[in-house]
Amino acid sequence: MRYSLERAFFNYTQNLKKTYWVIVQLIVGCAVIACCLNYSISSGERYLELLSQIEPNQYRIDAYVKNINADNDYPAIRYSDYIELSALIEDADLSYIAYGATLTEEPFYLVFADSCHYTKLGLTNTDSIYVGKSVARFCGDEPCFLTTFCKLENDSIVLDNAAFSWKAFPAETEEKIVVEDLHSGNTLLTERSILIPAHLINQAMETSEEMLGTGLAFKIPDDTDMTRIKEIKERICSFLSDRHGDFEFAASGEQTSEIQSRMNDMKINYDSFLWISVFLMIIVALGTIGNALIILLKRKRSLAISLAVGATPRQLFLEFLSEVFLTIQTGVLLGLAVSAFITPQLSNTFCVVKNHVLTWLIVIAGGTLTTLLVSAVSYLLFRTEPSRTIHGI
Amino acid sequence: MIEMVDVKKEYRLYGQNIPVLNDVNLRIDDGEFCAIIGRSGCGKTTLLNILGFMDSLTSGLYKFDGLDVSRTTAKEAAGFRQNKIGYIFQSFYLINGLTALENVAMPLGYAGVAKKNRTERAFELLTRVGLEQKVQNPVQKLSGGEQQRVAIARALVASPRVVLADEPTGNLDEENRDIVMNLLSDIHNDGMTIIMVTHDMELTRYASRVLRMREGLILE
């Protein structure tokens, strides 16, 4: 067995010049398959995310600062503002608020919309997060800190609106945070990140007079008349402009049906890319099986000689299986590496496309299955008597 | 050592059974140098293939060292080819890309012999056939005579009970033919049993016994 593996590795390295085109085909095939799968899985995740956002009969209005940029001071929407607004707009439920809090000398932006979302992150009082001031500065015109939906995933907080990925750290960690802009693909290192222990955040929530807001979110019944919705939006903006004259405010909203429409898009993405992946997997597998058998037939001579000098069909089967496995997995792994670079570029405003471990597992398993299919066919070839094989060459 | 009783071999071609060996009866003792001669198509190579466990017989009895081996599994046949039989082909059948040493050591590799031991043994055999200077040469760069000597070394490397040679000088010039035949003769003188198939009458002078074949039958 050991010699068979030795020979398989020798054959693999010796024949790389002959099999490179098989590997190239596999790289391209697997990269495309992996990208499609990543797109499909990401769409599925986004679908579930949107599903969790749907609150029946609720219409959400986001009010936020329009003209914030690196040179502005940060707006100071106080908790009292939102209490007054709540009273002013009776039919709206001011249940979400995007906070900017001054807990230290430097202002920073707290990414969680409210304590409700904070709880969703699953952080305890012993956890901490880093939040960088420069993150807000890099957002351009859009106030990216107005993030009303965020979730913890593989230790990363994925922010919905801003599409930033922030990392949750254990308490007392002093690492700097690397913030990845998933839309543009840029990676930004926040230079002045601040460690915020969770108990301070909780404290800040309780002593809300200290909280500085950068945006507000209202929920009103979904069947509210559009004219009324428009009126509410204008009222919020004019109220905030009166209080904070240096800033312009805007309000946007989304109905449940609109979210559902986006969900349908995601569903279509999920289904179509999944089927494309399956189709491509079959094509690539068939192509690989064909190529591997061509290689096998070209090497029939050496296989026949090996049989004649005493190799058992099982040893040759193992030898060929190992060689094909090495060849196929080389293509598969390189293809996955290529897809890892391409995948982030597929992100768009509707869906953040990420690399998924599940994709890697599926593609690697596909490669292994193909190897087994090749071997199963080749096993039939090795069953011939050596005399016929050797005299047939 | 080798005994065949009423051995028949038929091939099936286009739905018809084509007889190749007809009731072959044969006994070869230890240490014999047996030459089998006959015209092309008379069944010499088929007989050699059956003797060397490269092919199966249709009916009859084949005994090797007193053991009935008429019906062997693929694994058992491989075991015989590995340990009991050394095969020399007309076209050498060496593996291109491997060195002379690697080619000779290959049967031992499949037999599970450790790398160091098989390399030493292969070197010893290559020295015996006069190729100690070319052990690291890729076989495709050796001359025809040298390649056949590598093939002989490979046939001997596992210390087989019998060496089967199928037209071993068929692809060689006169000078190399003599070298190869002298080598086989030396091996025979060391006590090895050799069965050689040839159509070259001149080579029978090296043999201790000559068998003539015609239309699948052995005529002593």
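Sequence positions are assigned chain by chain, starting from 1 and proceeding in written order. Note on labels: chains are lettered from A, ligands numbered from 1, in written order. With the structure being a predicted model, the display of local features is reserved for residues of pLDDT at least 70 and the display and counting of side-chain atom pairs for 80 or more, all residues being used for whole-chain, interface and lining totals.

**Student:** I'm lost on the overall build of chain A in this one. Help?
**Tutor:** Helix and strand content of chain A: 12 helices and 13 strands. Every one of the 393 residues in chain A was classed for burial, and the buried ones make up 39%. Restricting to contacts in chain A with at least 6 residues of sequence separation, those with at least 24 account for 80%. What counts as a helix is a DSSP run of H or I of at least four residues, what counts as a strand is a run of E of at least two, and both are numbered from the N terminus. We call a residue exposed when 12 or fewer other C-beta atoms sit within 10 Å of its C-beta, buried when the count reaches 20 or more, and partly exposed for counts in between; the C-beta positions come from the backbone. This entry defines residue contacts through backbone-placed C-beta atoms, with two residues in contact when those atoms are within 7 Å.

**Student:** Explanation requested: the overall build of chain B in the structure shown.
**Tutor:** From N to C terminus, chain B includes 6 helices and 10 strands. Relative to its full complement of 220 residues, chain B shows a buried share of 48%. Excluding contacts between residues fewer than 6 apart, the proportion of contacts in chain B whose partners are at least 24 apart in sequence is 71%.

**Student:** What's the story with the environment of A:Ile282 in this structure? I'm lost.
**Tutor:** In this fold, A:Ile282 is placed in helix 8 (residues 256-298). Through-space distance from the C-alpha of A:Ile282 to that of A:Gly366 is 9.2 Å; in sequence the pair is 84 residues apart.

**Student:** So what exactly am I meant to see when it comes to helix 1 (residues 44-51) of chain B here?
**Tutor:** Because each turn of an α-helix spans 3.6 residues, side chains separated by three or four positions in sequence point in the same direction. For helix 1 of chain B, a buried count of 8 out of 8 residues is recorded, marking the element as mostly surrounded by other parts of the structure. The set of residues buried in helix 1 of chain B consists of B:Lys44, B:Thr45, B:Thr46, B:Leu47, B:Leu48, B:Asn49, B:Ile50 and B:Leu51.

**Student:** When you look at the interface of chain B and chain A in this model, what are you seeing that I'm missing?
**Tutor:** The figure often quoted for interface size is the accessible area lost as the parts come together. At the junction of the two partners, chain B supplies 19 residues and chain A supplies 15 residues. Looking at the side of chain B that touches chain A, the elements with two or more residues in it are helix 2 (74-83) and helix 3 (100-110) of chain B. Among the elements that take part in the side of chain B that touches chain A, helix 2 of chain B stands out by supplying 5 residues, more than any other. Just so you know the grouping, Ala, Val, Leu, Ile, Met, Phe, Trp, Tyr, Cys and Pro go in nonpolar, Asp, Glu, Lys and Arg go in charged, and all remaining residues, Gly too, go in polar. Grouping the constituent residues of the side of chain B that touches chain A by class yields 10 nonpolar, 5 polar and 4 charged.

**Student:** Sorry if this is basic, but what is going on with the nonpolar core here?
**Tutor:** Across soluble globular proteins, nonpolar side chains have a tendency to be buried as a group. Among the nonpolar cores identified, the biggest contains 115 residues, and B:Val104, B:Val163, B:Ile194 and B:Ile195 are the most heavily contacted of them. Of all the elements, helix 2 (residues 16-53) of chain A adds the most residues to this core, at 15 residues. When residues no more than four places from it in sequence are discounted, the contact partners of B:Val104 are B:Ala122, B:Leu125, B:Leu126, B:Val150, B:Ala153, B:Arg154 and B:Val157. To define a nonpolar core, we join buried Ala, Val, Leu, Ile, Met, Phe, Trp, Tyr and Cys residues through C-beta atoms within 7 Å and take the resulting set. Core analysis: the next-biggest nonpolar cluster, separate from the first, contains 5 residues, A:Ile220, A:Ile232, A:Ile236 and A:Leu240 among them.

**Student:** Just checking my understanding: could you explain the pairing of strand 3 (residues 33-38) of chain B for this structure?
**Tutor:** Successive side chains on a regular strand alternate, one facing one side of the sheet and the next facing the other. Residues and elements named next belong to chain B. Burial analysis of strand 3 places 6 of its 6 residues in the buried class, the great majority of the element. Taking every second residue as pointing to the same face, both faces of strand 3 are buried, with Phe-33, Ala-35 and Ile-37 on one and Cys-34, Ile-36 and Gly-38 on the other. DSSP calls a pair of strands paired once it identifies at least 2 bridges connecting them. Across 5 bridges, strand 3 lies against strand 8 (residues 193-198) in parallel orientation. Opposite Ile-37, over in strand 8, you have Thr-198 as the bridge partner. Bridge count between strand 3 and strand 9 (residues 209-214): 5 bridges; the pairing is parallel. In the sheet register, Ala-35 faces strand 9, and the bridge partner there is Val-210.

**Student:** Any chance you could explain the sheet that holds strand 7 (residues 162-166) of chain B here in plain terms?
**Tutor:** The strands making up a sheet are joined through hydrogen bonds of the backbone, oriented either antiparallel or parallel. Residues and elements named next belong to chain B. Taken in spatial order, the 6 strands make up an open sheet running 6-7-8-3-9-10, and their pairing is mixed. Since the sheet does not close on itself, it has two edges, and those belong to strand 6 (85-88) and strand 10 (217-219), each with one partner. Strand-to-strand twist across the sheet, computed as the mean angle between neighbouring axes with direction ignored, equals 20 degrees. In terms of strand pairing, strand 6 meets strand 7 through 4 bridges, oriented parallel. In the strand pairing of strand 7, Tyr-87 is matched with Leu-164. Angles here are taken between N-to-C directions and fall from 0 to 180 degrees, while the axes themselves are lines fitted to C-alpha atoms, restricted in helices to the stretch in contact.

**Student:** Could you clarify how one ought to interpret the sheet that holds strand 4 (residues 59-64) of chain B in this entry?
**Tutor:** Residues and elements named next belong to chain B. Strand order in the open sheet made by the 4 strands is 2-1-4-5, with antiparallel pairing throughout. Here the strands that pair on one side only, and so sit at the sheet edges, are strand 2 (16-28) and strand 5 (67-68). Summarising the sheet, strand 1 (residues 2-13) and strand 2 pair through 9 bridges and their orientation is antiparallel. Paired with Ile-2 across the bridge in strand 2 is Ile-28.

**Student:** Sorry if this is basic, but what is going on with the environment of B:Arg154 here?
**Tutor:** Residue and element names in this part refer to chain B. In this structure, Arg-154 sits in helix 5 (residues 144-156). Arg-154 gets classed as buried once you count the C-beta atoms within 10 Å, which come to 29. Considered as a pair, Arg-154 and Pro-107 are 47 residues apart in the sequence and their alpha carbons are 7.4 Å apart.

**Student:** Honestly, the confidence of the model for chain A in this entry has me stumped. Any pointers?
**Tutor:** Interpreting fine coordinate detail is not advised for predicted regions of low pLDDT. All names here are of chain A. Per-residue confidence for chain A gives a mean pLDDT of 65, with 52% of residues at or over 70. As a per-residue quantity, pLDDT reports the predictor's confidence and falls between 0 and 100. In the model of chain A, helix 4 (residues 115-120) stands out as the element of lowest mean pLDDT, 32, in contrast to helix 10 (residues 313-342), which has the highest, 87. Contacts of residues 68-75 to residues separated by more than four positions or lying in other chains number 11 contacts, the stretch itself having pLDDT below 50. Predicted confidence is poor over residues 204-212, with pLDDT under 50, and the contacts of this stretch with residues over four places away or in other chains come to 20 contacts.

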